[in-house]
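The chain contents come next:
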Amino acid sequence: MVSIKEPILPPNVLFREFESGRMSREEFHQAMSFHAIELIDEMEEHRKNPLEAFVESMRNKRLAFSLARKHGEIAVREVFSVLSDVSGFPPARLLWNAAHRHVPLHCFIRAKKKPIFRVRSLELKKNSAKIDIEYQFDNASRMTRERFLLKRGWHGNLYMEDRLIFNK
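Only a predicted model underlies this, so the values are computations on that prediction, with no experimental measurement involved.

A. Main features of helix α4 (residues 73–84). The end-to-end C-alpha distance of α4 is 16 Å, a good match for the 16 Å that 12 residues give at a rise of 1.5 Å each. Inspection of α4 places Ala75, Val76, Arg77, Val79, Phe80, Val82, Leu83 and Ser84 among the buried residues, and these make up the whole buried set.

See below:
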């Protein structure tokens, strides 16, 4: 299994590494096992505390609906997708499939239950976006706040131009 001292790569990066031949099948399975264990643990906790899981789900749905209503679901997914490719960004493990429309938008928001991932503010313009988020992953004792400035390149895709990290 992947040790906690090694960076935990999101599945989208693991797939790219495996498909390019830079990672063996055994390494790929070992790295993906961490994500499988994380999902199973979360499902077991939801089964133990169904009321708490339901309340958290409603809270996440409300926040996702608010983001989608204000900015449009496609735009929010595009921003999340760019964030999923940021190296050394723990929430990338949560956002790795944000571009897949069949996954509901509320699955990427975690309001109160760890791992926490919240969007504090999002400003979208034609050629840029600024997103201010806060998160708490991997048993961190404090929340981390980050601001990303995204720009739209000549090819039409957003990319990260600047990243500012604030620790609370």
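B. Examining a nonpolar patch on the surface more closely. Taken together, the side chains of Leu51, Phe54, Val55 and Met58 present a nonpolar region at the surface, about 390 Å² in accessible area. You can see Met58 is positioned in helix α3 (residues 50–71). Under the relative-accessibility criterion, Met58 is labelled partly exposed at 37%.

C. Fine view of the layout of surface pockets. By volume, the largest pocket amounts to about 670 Å³. Looking at the largest pocket, it is lined by 26 residues, and the ones nearest its centre are Leu39, Glu42, Leu94, Cys107 and Arg110. The set of elements that each furnish at least two residues to the lining of the largest pocket consists of α2 (25–48), α3 and α5 (92–95). Here the lining of the largest pocket takes eight residues from α2, the largest share from any one element. The class makeup of the residues in the lining of the largest pocket is 14 nonpolar, six polar and six charged. In this structure, the second largest pocket encloses a volume near 420 Å³. As for the second largest pocket, its lining consists of 15 residues, of which Glu38, Lys114, Pro115, Asp138 and Asn139 are closest to the centre.

D. Expanded view of the side chain of Asn60. Within the fold, Asn60 resides in helix α3. Taking relative accessible area as the criterion, Asn60 reaches 6% and is therefore assigned buried. The residues touching Asn60, leaving out its near neighbours within four places in the chain, are His106, Ile109, Arg110 and Ala111.

E. Examining the pattern of salt bridges more closely. Under the criterion given, the structure shown has 15 salt bridges. Residue Glu45 pairs with Lys113 through a salt bridge whose shortest N-O separation is 3.7 Å. In this pair, Glu45 sits in helix α2 while Lys113 sits in the loop between α5 and β1 (116–124), placing the two residues 68 residues apart along the sequence. When salt bridges that share partners are traced, they join Arg118, Arg120, Asp132, Glu134, Arg145 and Arg147 into one network.

F. Representation of the side chain of Glu134 in the model. Tracing the chain through its elements places Glu134 in strand β2 (residues 128–136). Judged by relative accessible area, Glu134 falls into the buried class, the value being 7%. Of the polar contacts made by the side chain of Glu134, one reaches the side chain of Arg120; its length is 3.4 Å.

Calculation rules
- Residues numbered from 1 in each chain as written.
- Predicted model: local features only at pLDDT ≥ 70, side-chain atom pairs only at ≥ 80, totals over all residues.
- Heavy atoms only, no water.
- Helix = DSSP H or I, 4+ residues; strand = E, 2+ residues; numbered from the N terminus.
- Expected span 1.5 Å × (residues − 1).
- Buried < 20%, exposed > 50% of the residue type's maximum accessible area, 1.4 Å probe, protein only.
- Patch = residues over 30% accessible without salt bridge, like charges linked within 9 Å, V, L, I, M, F, W, Y side chains within 5 Å.
- Areas by Shrake-Rupley, 256 points an atom, 1.4 Å probe, with all protein chains shown as cover.
- Salt bridge = Lys/Arg side-chain N within 4 Å of Asp/Glu carboxyl O.
- 1 Å grid on protein atoms, 1.4 Å probe; cavity = no way out; pocket = protein on both sides within 12 Å on 5 of 7 lines; lining within 4 Å.
- Points joined across faces, edges and corners; volume = space filled by probe spheres on them.
- Nonpolar A, V, L, I, M, F, W, Y, C, P; charged D, E, K, R; others polar.
- Contact = heavy atoms within 4.5 Å.
- Polar contact = N/O pair within 3.5 Å; in protein donor to acceptor, adjacent residues only side chain to side chain.

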